[in-house]
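A structural walkthrough
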Amino acid sequence: MIPYESLKILNLPFEEKFKSKFADFLDKGWYILGEEVAQFEQEFAAYHQENYVVGVANGLDALILSLQCCKFQKGDEVIVPSNTYIATILAIIQCGLTPVLVEPDSHTYNIDPKLIARAITPKTVAIMVVHLYGQCCEMDPILGLAKQHQLKIIEDCAQAHGAKYKGKLAGTFGDFGAFSFYPTKNLGALGDAGAILCRTESDYHQLRQLRNYGSEKKYHNGVIGYNSRLDELQASFLRIKLPHLDEINAHKRKLAAIYNEHLNASFIKPKLDADFHNVYHIYNILHPKRDQLKQYLQEHQIGTEIHYPVPPQDQVALKDVLQSFDYPISAKIHQQTLSLPCSFAHTAEDIFRVTEVMNKFHLK
Ligand SMILES: *Cc1c(COP(=O)(O)O)cnc(C)c1O
């Protein structure tokens, strides 16, 4: 069996260090907002050659706190891709703002910069880009539009740790870079965790208040805050894995290269472009008989996933919220996409086996 993913195997190389860290943690007895969170924030900032990182509880909160930091008015519009995980859209709604969905480019699967301009109205205040599946959005035209219309940019980097566009890291383009360290992400904790990269000292202090009841100084509450702290133990585990992020990404890129080279042309593969350093959080292909293909691979002991089976416009939760329900490009991606095994726990041999089986699918 080649499973889609095995978190246990993926974390095996780090287990001894996790255990010794946990022993230190018990010895120390400091559980919330301690040295480990502060150190991780510094190290994650240094990785990005940036100054300000604020650890938070999860990726959804990283998006919500970034939006709250901007102090938008109720009903202001935020542009977001129609092809994304629902968390991005939920963050906008939770902040009392209106999500305006924009279709992806059919080759990159990321928000189509050409369609953003048409979606901008006098109420638009921000563009929330999502670097989906590990590939950055085409940021140059998006940054141009944001400048022209004075819009904030919030990057959903939950799937893009270490991804680059024109040599620059995801999370360093916009006003805020929101990260999730959910266990399956390229940099994954052993539980929930998240962080926000920001550009200014004032946003930094605002975010530090927001995550901790509105207080940076104990018992002095400057804003209406949340409880959304990065857990001290999770921060200590993330500190063990962060130095290996580039190695994890390189491994996933090596596996993806095997797919790119060896899968036959009946599968639509991710578009290759030298401007984009794709870290393949998800390696997906499109195929018109996706469900049959998934079943066929299952019969051959190969696990796959679908990211995602139900597009946002078809989610019951969003039926009274969205302005339109007609997103054919996103709908088609959702119907045809299949995510193949491509994790730190897989070997090149695994991937050759998957390609071999897949290339015989048409014979079925
Ligand atoms: C995982 C993910 C999130 C949410 O992260 P959590 O840590 O689970 O809250 C947000 N956006 C995208 C694109 C994601 O993949």
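Residues numbered from 1 in each chain as written. Predicted model: local features only at pLDDT ≥ 70, side-chain atom pairs only at ≥ 80, totals over all residues. Heavy atoms only, no water.

A few points about the overall build of the chain
In terms of regular secondary structure, the chain is built from 13 helices and 14 strands. On C-alpha atoms alone, the chain measures out to a radius of gyration of 21 Å, which is about the 21 Å that the 2.2 N^0.38 rule sets for 364 residues. Overall, the C-alpha framework of the chain stretches about 70 × 55 × 35 Å when taken along its three principal axes. Counting every position in the chain, which comprises 364 residues, the buried fraction comes to 57%. Contacts in the chain between residues far apart in sequence, at least 24 positions, make up 70% of those at least 6 positions apart. With the model as given, the accessible surface of the chain reaches about 16100 Å², and the carbon-plus-sulfur share is 52%. Both charge centroids of the chain, one from 37 positive and one from 41 negative side chains, sit 1 Å from each other. (Helix = DSSP H or I, 4+ residues; strand = E, 2+ residues; numbered from the N terminus. Rg over C-alpha atoms; globule rule 2.2 N^0.38 Å. Buried < 20%, exposed > 50% of the residue type's maximum accessible area, 1.4 Å probe, protein only. Contact = heavy atoms within 4.5 Å. Areas by Shrake-Rupley, 256 points an atom, 1.4 Å probe, with all protein chains shown as cover. Lys, Arg positive; Asp, Glu negative; His and termini not counted. Charge placed at Lys NZ, Arg CZ, Asp CG, Glu CD.)

Regarding the sheet that holds strand 3 (residues 98–102)
Sheet architecture is open: seven strands sit in the order 1-9-8-5-4-2-3, paired in mixed fashion. Both edges of this open sheet fall to strand 1 (52–56) and strand 3, since each of them pairs with a single strand only. If you compare each strand with its neighbour and ignore which way they point, the axes differ by 20° on average. In this fold helix 8 (residues 201–210) packs onto strand 1, strand 8 (176–180) and strand 9 (194–198), with an angle of close to 15° to the strand it touches most, strand 1. (Pairing = 2+ DSSP bridges. Axes fitted to C-alpha atoms, helices over the stretch in contact; angles between N-to-C directions.)

Quick word on the layout of surface pockets
When its volume is computed, the largest pocket comes out at roughly 640 Å³. Forming the boundary of the largest pocket are 38 residues, of which Tyr182, Thr184, Lys185, His281 and Tyr308 lie nearest the centre. Secondary-structure elements contributing two or more residues to the lining of the largest pocket are helix 4 (59–69), helix 5 (86–94), strand 8 and helix 10 (245–262). For the lining of the largest pocket, the per-class residue count stands at 20 nonpolar, 11 polar and seven charged. (1 Å grid on protein atoms, 1.4 Å probe; cavity = no way out; pocket = protein on both sides within 12 Å on 5 of 7 lines; lining within 4 Å. Points joined across faces, edges and corners; volume = space filled by probe spheres on them. Nonpolar A, V, L, I, M, F, W, Y, C, P; charged D, E, K, R; others polar.)

Overview of the UniProt feature "modified residue: N6-(pyridoxal phosphate)lysine" (unreviewed entry) in the chain
Mapped onto this numbering, the UniProt entry annotates "modified residue: N6-(pyridoxal phosphate)lysine" (unreviewed entry) at Lys185. Along the chain, Lys185 turns up in the loop between strand 8 and strand 9. Residue class for Lys185 comes out buried when judged on its relative accessible area of 15%. Excluding its chain neighbours within four sequence positions, the residues that come into contact with Lys185 are Ala158, His161, Ser180 and His281. (UniProt positions renumbered as here; feature names shortened; annotations may be inferred.)

Side note on the pairing of strand 9
Remark: a regular strand shows side chains that alternate across the two faces of the sheet. Across the five residues that make up strand 9, a large majority, five, are buried. Side-chain alternation along strand 9 places Gly194, Ile196 and Cys198 on one buried face and Ala195 and Leu197 on a second face that is also buried. As paired strands, strand 1 and strand 9 are joined by five bridges and run antiparallel to one another. Across the sheet, residue Val56 finds its bridge partner in strand 9, namely Gly194.

So, the site of the ligand
The environment of the ligand is formed by 13 residues, the closest being Gly59, Asp156, Gln159, Ser180 and Lys185. In the environment of the ligand, an oxygen atom lies 2.7 Å from a nitrogen or oxygen atom belonging to the side chain of Lys185. In the complex, the protein chains occlude 90% of the 380 Å² of accessible area that the ligand would expose alone. Of all the cavities here, the one that holds the ligand is the largest pocket. Elements with a contribution of two residues or more to the shell around the ligand: helix 4 and helix 5. Classifying every residue of the shell around the ligand gives six nonpolar, five polar and two charged. (Near = heavy atom within 4 Å. Polar contact = N/O pair within 3.5 Å; in protein donor to acceptor, adjacent residues only side chain to side chain. Sits in = over half its atoms within 2 Å of the grid points.)

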